Amino acid sequence: MSTELPNLVEVDYLEIQVIIDNELDPMTAPAPDTVQMLGGTMGHIAMSTARALQPGERGDAIKEIRMEDICCSAHGLSIMVTAIRGDIKHTVLFDAGPEEQAWKRNVNRLKTDISQIEVIQLSHWHRDHSGGIPEAIRMIKKAKRDNGHVDETLVVDVHPDRPDYRGFDMRDKIISLEADPTFEEMENNGARVSQHSETHTILDDMFLISGEIPRETSYETGAKFGMRFDKSEGEWITDEKIADERLLMCNLKGKGIVVFTGCSHAGVVNTSCHAKNLLGGKVPLHAVVGGYHLSLSDDKTTNDTVADLKKLDPAVLLPGHCTGWRAKFAIEKAMPGNLQFLLSAGNAHRNNHLLDFFNARISKHASPACPNCIESNFTGGRRYFLTREPDHIKAVLTGNFADYGKGKVFHDLWSPFLGDSIFTTDGKSWSNSRQLIRPMFIKDRISDLEIFERRTQIMMGLFANPGQTFDIMDLFYRMTLDVTTEFLLGHGIHSLENPKAGFVQAFADVQRMQMALTVLQPIQHFIPKGGYYRGIKTINDFVIPFVQEALELPHEELEKRGRSEKSFTFLHSLANFTRDPKVIRDQVVAVLLAGRDTTAATLSWLIYEIAHYPEIVKKLREEILSTVGPSRAPTYDDLKNMTYLKHTVNETLRLYPAVPFNIRFALADSTLPSGGGPNGDLPLSVLKGDGVIYSTLAMQRRADLYPPTSEQFADPAIFSPERWESWQPKAWQYIPFNGGPRICIGQNFALAEVSYAIVRIVQRYDRIEYDGSWEDQFHKAEIVGTPGMGVKVKMWPAKE
Ligand code: HEM
């Protein structure tokens, strides 16, 4: 007997679309990632086709879900599987469900591109898997013609042993199922029937269809009460084995075997073991998708099955069709695995553990060839890469810049808050925004220093008496809000003097909500948004009157103000270029978001860290006093010349980059330059629509990216401005302001504001002590990463 293994090649990527399953549950949040119910993500389809409502048409509602867009469930199974290897892509339809109308209806509702289907594989002769085949053939052929496919060939791959009827022995009577479609019927509808009882590979060896599945376990005994009727025999005979059942499988690169099983009449453990054995037992079992046929099993059989399944250590189980809810429950109990990506990300956000979550996720799932990036597509089809790899971030932000962007998903999610601003758009729309905004940032404006001076002095006036505890972070947030609003609008919001203003609270609430919506994007439609929209209204009520006021100024007045630095603000600059109040409002709110919390968080972390180290405060003070003395306000040149101050700010942004997590979507098929192939030196392919979530925080804290610890170079986990005296980070390993064409436009403004405030504080105070709990402090990752406990300090002014 030949021991040669079938030639199944590895595929880079698998896409699975369930067209029909017994269960339809568009409401339940996706289940843990080891056990995911088929059907749980159907709701997204309805959401993505929801009818947009005009503003005000139905109160604050923005969309209407149409029931007619939701799929139907039906007793059966049909799954479309697309495999991609390099440039080659092939698609198989695994079963076609019980009846033609169900298949047609769901394909239309899912808007599935069925023209790409080349092979329909029937798992076994049972009408709940074969009934939809004739309609599927007709529709696929038509779709191929409509899409101009040159090759319209469609193969139906079946086992040759088709019974005339299958049925069940109900003790005293036999119930017959409807006949399966005949070979002739399939051919008459336009397919070529290909009969196989042996293992074979199809479509460039990217899929394997098995022959008969060996029955090894004692408890997997076939379809109870199963019978068949063949006209040639003229009588019903017992047929519990259903020997014609065949599995479909792929070998997914870096993961292992993905098995598709129609009903597992051979037993899901036998099926899974057979899939492994077909590849010599060396390739791990990654996923088992389809019917596990446990709905009629007793508890012992179910428990035996689940226990043996667990021993096979699959990463993903997708039990559907005939599995039955009891068995799903047993699987869920036995293999809860990690919390499902989405829900655990939501929890990590809520509990402020996003960095730990991100790192743990990568550590758990990354391969040795690609240790700093993983891909995940548990959220309903969209694939996400999570990466902390500098060359990936570089590719996304600059090398392959045109291939990546904020994308439609991000735009739609963020547009209620930031409209069509610089933050939410790509391409021409983004570059127009950038051109509009950039002039305000190209030079060091004296008037900016005046704003910093005014607001820093007001803030320091609110510091507690010497030696008394106060939260300096709260004051930094208020100060930067006042600075930014004054810079943008010409009027500060005076939050230092009036911290309870509605706008201040609304701005914080909307940001937190926006981050939650981003983390939970695939189920964001289910999240109540009343507070979010009310917050946005409060923001608009504050900003829009300023916009209107600026727009009422005649053009000549704007021109005149443009020549005088003092009275010219960001708002006037915008009003000079566009008369569209919405464009102006959107850009103002975007820059307010970009500029305020980032700077406040950086200042807060800086004070928190230097409060650990009196020697750093001393060194800073020496440099500051030798440059500007004890009371003079610094100029731009002063700020630039203070090297130790610069190193202290750099070190803060190294450990606490203000935007810790970020995302880009592929706008076209593209790549990430490394991590692919057995050695990780080949590119990873990224397909249009995929998301790349990157974390500068995780990257900048990767110990392996730093030189060994030495006298000059402290442990990278430690705050040490001194390291910058003899060290320069490698390109793209330190990017607190991002890089490439979308690099932070306010970088110089931010560095000046932070440095200015620190100079003024350290000039006056020579002793700063942290008075919070060191153990309880944590990194709270919202859009911006802040000290979760605030920064409670005691400070003492220097004696003259
Ligand atoms: C320490 C303070 C700051 C840090 C760490 C920081 C960081 C960043 C980062 C990482 C981005 C890229 C975001 C993305 O593309 O997804 C960004 C973009 C941006 N930042 Fe900053 N920022 C800071 C302060 C400021 C300030 C003060 C302003 C303006 C007053 C500002 C204005 C902007 C704008 C307009 C963008 C969008 C650029 C674009 O998409 O073309 N930032 N910033």
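Residue indices begin from 1 for each chain and proceed along its sequence in written order. Where totals are concerned, whole chains, interfaces and linings use all residues; where local detail is concerned, this predicted model gives features only for residues with pLDDT of at least 70, and gives and counts side-chain atom pairs only at 80 or more. Think of the side-chain values as coming from all heavy atoms in the structure, minus any hydrogens and water.

Colleague: Please give an account of the pattern of salt bridges that cites residues and values.
Modeller: Only one rule defines a salt bridge in this text: a Lys or Arg side-chain nitrogen within 4 Å of an Asp or Glu carboxyl oxygen. All told, the structure shown has 35 salt bridges when counted by the stated rule. The residue Asp 426 makes a salt bridge to Arg 742 at a minimum N-O spacing of 3.2 Å. Taken together, the residues Asp 426 in the loop between helix 12 (407-418) and helix 13 (427-437) and Arg 742 in the loop between helix 24 (696-700) and helix 25 (747-764) connect sequence positions 316 residues apart. Take Arg 742: its relative accessible area is 11%, and that puts it in the buried class. A network of salt bridges, in which partner residues are shared, links Glu 100, Glu 135 and Arg 138. Only DSSP runs of H or I covering at least 4 residues are called helices, and only runs of E covering at least 2 are called strands; the numbering of each starts at the N terminus. Buried means the residue's accessible area, taken with a 1.4 Å probe over protein chains only, is under 20% of the maximum for its type, while exposed means over 50%, and partly exposed covers the values in between.

Colleague: Explain the coordination of the iron atom of the ligand to me, using residue names and the numbers behind them.
Modeller: Of the protein atoms, Cys 744 (SG) alone serves as a donor to the iron atom of the ligand, at 2.3 Å. Structurally, Cys 744 is set in the loop between helix 24 and helix 25. Note that water is not among the atoms considered, so a metal site may appear incomplete; the donors listed are N, O and S atoms within 2.8 Å of the metal, with 3.2 Å applied to Na, K and Ca.

Colleague: Outline the pairing of strand 19 (residues 285-291), supporting the account with residue identities and numerical values.
Modeller: Each regular strand carries side chains that alternate between the two faces of the sheet. Here strand 19 lies mainly inside the structure; seven of its seven residues are buried. Judged from the five bridges that link them, strand 18 (residues 256-261) and strand 19 form a sheet pairing that is parallel. In the strand pairing of strand 19, Ile 257 is matched with Leu 285. With its strands directed away from the observer, a crossover is right-handed exactly when the path from the first strand over the helix to the second travels clockwise. With respect to chirality, the unit in which strand 18 leads through helix 6 (residues 268-278) into the neighbouring parallel strand 19 is right-handed. Each parallel crossover has a hand, and the one from strand 19 via helix 7 (residues 299-311) to strand 20 (residues 316-320) is right-handed. For two strands to be treated as a pair, DSSP must find no fewer than two bridges joining them.

Colleague: Lay out the UniProt feature "binding site: heme" (unreviewed entry) in the protein chain in plain terms, naming residues and giving numbers.
Modeller: UniProt positions are given in the numbering used here, feature names are shortened, and annotations may be inferred rather than shown by experiment. With numbering aligned to this structure, UniProt lists the feature "binding site: heme" (unreviewed entry) at Cys 744. You can call Cys 744 partly exposed: its relative accessible area is 32%.

Colleague: If you had to explain the site of the ligand to someone new, which residues and values would you point to?
Modeller: When we say a residue is near a molecule or strand, we mean one of its heavy atoms is within 4 Å of it. Surveying the vicinity of the ligand reveals 25 residues, the closest of which are Trp 430, Arg 434, Asn 662, Arg 664 and Cys 744. Whenever two N or O atoms come within 3.5 Å, that pair is a polar contact, provided that in protein one can donate a hydrogen and the other can accept it, and provided that, for residues adjacent in sequence, both atoms are side-chain atoms. A distance of 2.8 Å is found between an oxygen atom of the ligand and a side-chain nitrogen or oxygen belonging to Trp 430. One nitrogen or oxygen atom from the side chain of Arg 664 is found 2.7 Å from an oxygen atom belonging to the ligand. Contributing elements (two or more residues each) for the shell around the ligand: helix 13, helix 20 (581-610), strand 25 (661-666) and helix 25. With six residues, helix 20 is the largest single contributor of residues to the shell around the ligand. Residues are grouped as follows: nonpolar covers Ala, Val, Leu, Ile, Met, Phe, Trp, Tyr, Cys and Pro; charged covers Asp, Glu, Lys and Arg; every other residue, Gly included, is treated as polar. For the shell around the ligand, the per-class residue count stands at 14 nonpolar, seven polar and four charged.

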